[in-house]
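Structural characterization, general
Listed below are the residues making up each chain.
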Amino acid sequence: MSDYQVKGSSLRSKIEYVRETFGEAEALALGQEFAADLGLAPLESKWYPFEVFVRLLSVIADRYFGGDRSRLTEVGEFSARKSLSTTYAAFAQGGDFPSFLRRIATLHGRFYNRGSMEVRPHSEGGACTIILSGAPSYPPEDLYVAQGFYLGAARFLGLGTVKCRMSQRPGTVTFELSW
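Below you will find a few notes about this structure. Keep in mind the model is a prediction, meaning the values are calculated, not measured. (Residues numbered from 1 in each chain as written. Predicted model: local features only at pLDDT ≥ 70, side-chain atom pairs only at ≥ 80, totals over all residues. Heavy atoms only, no water.)

1. Considerations on the state of the cysteines
Taken as a whole and judged by the stated rule, the model has zero disulfides. The closest cysteine sulfur to the non-disulfide-bonded cysteine 128 is located on cysteine 164, 8.6 Å from its own sulfur. On the accessibility criterion, cysteine 128 (0% relative accessible area) is buried. (Disulfide = S-S within 2.5 Å. Buried < 20%, exposed > 50% of the residue type's maximum accessible area, 1.4 Å probe, protein only.)

In structure tokens:
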């Protein structure tokens, strides 16, 4: 799995979450803890080992959520709000939520060097299925962040009540979203 990587922007947004939620001192401490892996700060466009990403998420869950990995959805929601109001604002403009998801599915390979994301809107509307496949692993830390990102993006795009059910089988993860 050593060839599985994520972009620095994914790591950077998690440290930014800690900064905005728990303060500058906590973000600096976290940055120092990961300095051997990330340098002074993760570079947005550089690839980093996926293992470092999962370890960062694990430290956040252990340190700030009492080990509750499911609370990493909060980190994903933050990432959605932050990225959709800044760097990826163009992806949030116009269209409905399933259209937005199809557009970001094309970006999946810019953040993860392996695996794919497929979005299947339900014909009756008000729901869609997201399928992640082809990655070497899908640890719960990453999946909870992804779930939070989808929920946060839906809310950012004006959907009030959104539900997400996640299921996993070997090599594939499915998110069933409804609103």
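2. Points about the packing of helix H5 (residues 73–84) against helix H9 (residues 140–156)
One can describe the packing of H5 onto H9 by two numbers: an axis separation of 6 Å at closest approach and a directional angle of 45 degrees. Classified by the interaxial angle, the pair formed by H5 and H9 is oblique. Between H5 and H9 the crossing geometry is right-handed. Of H9, the residues touching H5 (which contributes Thr73, Val75, Gly76, Glu77, Ser79, Ala80, Arg81, Ser83 and Leu84) are Tyr144, Val145, Gln147, Gly148, Phe149, Gly152, Ala153, Arg155 and Phe156. Here the contact of H5 with H9 is composed, by residue class, of eight nonpolar, seven polar and three charged. (Axes fitted to C-alpha atoms, helices over the stretch in contact; angles between N-to-C directions. Helix = DSSP H or I, 4+ residues; strand = E, 2+ residues; numbered from the N terminus. Parallel < 35°, antiparallel > 145°, perpendicular 65-115°, else oblique. Left-handed = near helix turned anticlockwise from the far one by under 90°. Contact = heavy atoms within 4.5 Å. Nonpolar A, V, L, I, M, F, W, Y, C, P; charged D, E, K, R; others polar.)

3. Considering the pattern of salt bridges
Counting across every chain of the model gives 12 salt bridges. Taking the shortest distance from any N to any O, the salt bridge between glutamate 44 and arginine 12 comes out at 3.1 Å. Of this pair, glutamate 44 sits in the loop between helix H3 (35–38) and strand S2 (47–49) while arginine 12 sits in helix H1 (residues 8–22); the two residues are 32 residues apart in sequence, bridging distant segments of the chain. Residue arginine 120 is joined to glutamate 118 by a salt bridge in which the shortest nitrogen-to-oxygen separation is 2.8 Å. The exposure class assigned to glutamate 118 is partly exposed, which follows from its relative accessible area of 34%. Each of Glu16, Arg19 and Glu24 takes part in a single network of salt bridges with overlapping partners. (Salt bridge = Lys/Arg side-chain N within 4 Å of Asp/Glu carboxyl O.)

4. Side note on the layout of surface pockets
Looking at the largest pocket, its volume works out to about 790 Å³. Along the wall of the largest pocket there are 33 residues; nearest its centre are Ser10, Ser79, Ser83, Phe111 and Phe149. For the lining of the largest pocket, the elements supplying multiple residues, two or more each, are H1, H5, helix H8 (108–111) and H9. Per-class residue counts for the lining of the largest pocket are 18 nonpolar, eight polar and seven charged. By volume, the second largest pocket amounts to about 230 Å³. Considering the residues around the second largest pocket, the lining is formed by 14 residues, among which Ile15, Arg19, Gly31, Leu40 and Ala41 are closest to the centre. Those elements that place two or more of their residues in the lining of the second largest pocket are H1, helix H2 (24–33) and H3. The class makeup of the residues in the lining of the second largest pocket is eight nonpolar, three polar and three charged. (1 Å grid on protein atoms, 1.4 Å probe; cavity = no way out; pocket = protein on both sides within 12 Å on 5 of 7 lines; lining within 4 Å. Points joined across faces, edges and corners; volume = space filled by probe spheres on them.)

5. Concerning the sheet that holds strand S3 (residues 116–121)
Pairing within the open sheet is antiparallel, and its four strands lie in the order S3-S4-S6-S5. Of all strands in the sheet, those with a lone pairing partner are S3 and strand S5 (163–169), marking the two edges. For this sheet the average axis-to-axis angle between neighbouring strands, irrespective of direction, equals 15 degrees. Inspection of the sheet shows strand S4 (residues 127–133) paired to strand S6 (residues 172–178) by seven bridges, in the antiparallel sense. The residue of S6 that forms the bridge with threonine 129 is glutamate 176. Here helix H7 (residues 97–105) sits on the sheet in contact with S3, S4 and S6, set at roughly 160 degrees to S3. Those strands touched by H9 are S3, S4, S5 and S6, and its axis lies near 150 degrees from that of S5. (Pairing = 2+ DSSP bridges.)

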